[in-house]
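# Inside the fold
Here is what each chain is made of, one letter per residue.
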Amino acid sequence: MGFTVVIPARLASTRLPNKPLADIAGKPMVVRVAERARRSGASRVVVAADSTAIVEACRSHGVEALLTSPDHPSGTDRLAEASRLLQLGDDEIVVNVQGDEPLIEPALVDAVAALLLQRQDASMGTAAHPLQDVAEFANPNVVKVVTDAAGLALYFSRAPIAWWRDGFANGMASLPEPAPLRHIGIYSYRSGFLRRFPDLPPAPIEQLEALEQLRALWHGHRIAVHVSAGAPGPGVDTPDDLARVRAAFARLPD
């Protein structure tokens, strides 16, 4: 299965300055992400950066990197530019692995890429896992997804969906069965669609929820969802997250 992993990396971060270059066991975080992605079935792993500092750090560790515009409003726009620079064919598959996921499972990358090989009716693929905690279900920072019988996304929301009317009538004391699905922020695209995506008008539901993937659903595109058994490894948004990931790497075998 041939596909390209593109890792968008932006130097500016309000909660963790210079996040892509943060040291994790002697290497920049974005390099650690690329190394994990290389363990997947990807034929190519490329970092799409907004800074020469990131490009140089990647290349010094043998990681392919491209310099992209610093003005992109989202990681998807950066991916679209990378797709053009790499001259990928319209039907080639691109997997967006976030640059702050140094513990991403290679098998998850493969599964999300495989969705588009299996589903010709989908323009995008993504992942989710069953929720086990009521507080997470209620948390607006935890994005939920509801799928149809064929495993295609019906809707993504920060709200608790699907709402268990009878079970939650007297308070949200437990979760329904089957368990609600938490969205995992990894995406696969057909390259031609990826390049067109930034030109689609933003959708009202996208702007209300602040969830870019809703733009695809609004315009009639389908998103296939891989459901994994458990949650992925922790990402890095804050200094505390970075400390946890550093501790996790310290426990890994050499």
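For the structure, check the block above.
Counting of residues starts from 1 at the beginning of each chain's written sequence and follows it residue by residue. Reporting in this predicted model follows two pLDDT cut-offs: at least 70 for local features of residues, and 80 or more for side-chain atom pairs to be given and counted; totals over whole chains, interfaces and linings ignore these cut-offs and use all residues. Water and hydrogen atoms were dropped before computing side-chain values, which therefore reflect all heavy atoms in the structure.

### A look at the packing of aromatic side chains
In this analysis, rings of Phe, Tyr and Trp, with Trp reduced to its six-membered ring, are considered paired at centre separations within 6.5 Å, and the interplanar angle assigns stacked below 30 degrees, edge-to-face beyond 60, and tilted for intermediate values. Under the counting rule described, the total for this entry stands at five aromatic pairs. The interplanar angle of 50 degrees and the centroid separation of 6.0 Å between the aromatic rings of Phe137 and Phe168 together place this pair among those described as tilted. On the criterion of sequence distance, the pair formed by Phe137 in helix 5 (residues 134–138) and Phe168 in the loop between strand 9 (153–157) and strand 10 (181–190) is long-range, its members being 31 residues apart. Across the pair, exposure class does not vary: Phe137 and Phe168 are buried alike. Between Trp163 and Phe168, the ring centres sit 4.9 Å apart and the planes meet at 65 degrees, which makes this aromatic pair edge-to-face. Exposure classes here rest on a 1.4 Å probe applied to the protein chains alone. A residue is buried below 20% of its type maximum, exposed above 50%, and partly exposed in between. Note on Trp163: relative accessible area 49%, which makes it partly exposed. Classification of Phe168 by relative accessible area gives buried; the value is 5%. Connected via pairs of aromatic rings, a cluster forms that spans Phe137, Trp163, Trp164 and Phe168. Strands here mean DSSP runs of E at least two residues long; helices mean DSSP runs of H or I at least four residues long; both are numbered from the N terminus.

### Regarding unusual backbone geometry
Omega for the bond connecting Ile161 with Ala162 falls within 30 degrees of zero, at -10 degrees, which places this linkage in the cis form. Relative to the elements of secondary structure, Ala162 occurs in the loop between strand 9 and strand 10. For Ala25, which is not glycine, the phi torsion reads 55 degrees and is therefore positive. Relative to the helices and strands, Ala25 resides in the loop between strand 2 (23–24) and strand 3 (27–28). One non-glycine residue, Ala210, adopts positive backbone phi at about 55 degrees.

### Section: helix 2 (residues 52–60)
Where helix 2 is concerned, the buried positions are Ile54, Val55, Ala57 and Cys58. On an axial view of helix 2, the arc spanned by its buried residues comes to 165 degrees, and they lie on one face. Residues Glu56, Arg59 and Ser60 are exposed on helix 2 and point more than 90 degrees away from its buried face. Two residues qualify as a contact provided that any one of their heavy atoms is within 4.5 Å of a heavy atom in the partner residue. Packing partners of the buried residues in helix 2 comprise strand 1 (4–9), strand 3, helix 1 (29–38), strand 4 (44–49) and strand 5 (64–67). At the N-terminal end of helix 2, a side-chain oxygen is found 3.0 Å from the backbone nitrogen of Ala53, two or three residues along, and the residue is Ser51. Immediately downstream of helix 2, the backbone of Gly62 shows phi near 75 degrees, a positive value. Comment: arc refers to directions from the helix axis out to C-beta atoms. Nitrogen and oxygen atoms within 3.5 Å of one another constitute a polar contact, given that in protein one can donate a hydrogen and the other can accept it, and given that sequence-neighbouring residues count only through two side-chain atoms.

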